[in-house]
Amino acid sequence: MLFRSRHTTGIPAVLLTNCRSITLDKFDELKLVLEEKTPHVVMLTETWLTESKESTRILDNYNFHSSHRSGGCVGGGVGIFTHESLSAKTVHHHSTKRYSTVWVNIQHKGKSTIYGCIYHPKSRASTDTDEILRHISETMVKLRLCGFGVALSAEAEIGRAHV
């Protein structure tokens, strides 16, 4: 987990974690962490959620933005919880059998920043690596051309490197 206290800086506090399935037990643990730390943004990889399970993962004072792996794949998925004090809107989400991404526009102190959360599991196929890198690159270029700042969180195994 990564955390920067919102009380000591002017930027939103962010918590990042790989859930490896956000079961109800892990969700209760996450609630306790959020009660203590109260981050503005919570970025989750490997949520393993489906649309039907997502409705059971509701946090007081937070809105949820997510993307689930498609094609009936088990595992994967990403999500971003944003504190209700922020103006936040999902601007893009994309999932395939190979990866999941969600991009959220967050307004904080008059500035607009896009937060992106990406999960790409280990793959031996170079086409998988090319596909996720192309998606990230194209999305980042579009966002920068629109004048947005970008904060990116990714868990990805690309080639032999684990990012």
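Residues numbered from 1 in each chain as written. Predicted model: local features only at pLDDT ≥ 70, side-chain atom pairs only at ≥ 80, totals over all residues. Heavy atoms only, no water.

1. Some details on the overall build of the chain
We apply this condition: Strands here mean DSSP runs of E at least two residues long; helices mean DSSP runs of H or I at least four residues long; both are numbered from the N terminus. A 1.4 Å probe rolled over the protein chains alone gives each residue an accessible area, and that area as a share of the maximum for its type sets the label: buried under 20%, exposed over 50%, partly exposed in between. Throughout, a contact is declared for two residues whenever any of their heavy atoms are within 4.5 Å.
The helix and strand tally for the chain stands at 3 helices and 9 strands. N-terminal to C-terminal, the α/β element order of the chain is β-α-β-α-β-β-β-β-β-α-β-β. A buried classification covers 42% of the 163 residues belonging to the chain. Sequence separation of at least 24 residues holds for 57% of the intrachain contacts in the chain that already meet a minimum separation of 6.

2. Structural notes on unusual backbone geometry
One non-glycine residue, Ser21, adopts positive backbone phi at about 90 degrees. Secondary-structure assignment places Ser21 in the loop between β1 (14-18) and α1 (24-37). When its relative accessible area of 15% is taken as the criterion, Ser21 is described as buried.

3. Some details on the pairing of strand β6 (residues 100-108)
Along a regular strand, successive side chains alternate from one face of the sheet to the other. How we decide: At least two bridges found by DSSP between two strands is the condition for calling them paired.
The element β6 is largely enclosed, with a buried count of 8 among its 9 residues. As judged from the 8 bridges shared by strand β5 (residues 87-95) and β6, these two strands associate in the antiparallel manner. Following the sheet pairing, Thr90 is matched in β6 by Val104. Hairpin connection, β5 to β6: the antiparallel pair is bridged by 4 residues. Here β6 pairs with strand β7 (residues 111-120) via 9 bridges, running antiparallel.

4. A closer look at the sheet that holds strand β4 (residues 78-83)
Counted only if it meets this: Only the contacting stretch of a helix is used when fitting its axis, a line to C-alpha atoms as for every element, and angles between N-to-C directions run 0 to 180 degrees.
Spatially, β1-β2-β4-β3 is the arrangement adopted by the 4 strands of the open sheet, whose pairing is mixed. In the strand order of this sheet, the two ends are held by β1 and β3 (62-67), each with one partner. Going from strand to strand, the sheet's axes swing by 15 degrees on average, the running direction of each strand aside. When strand β2 (residues 41-45) meets β4, the two strands line up antiparallel, connected through 5 bridges. Bridging from a neighbouring strand, Val42 pairs with Phe81 of β4.

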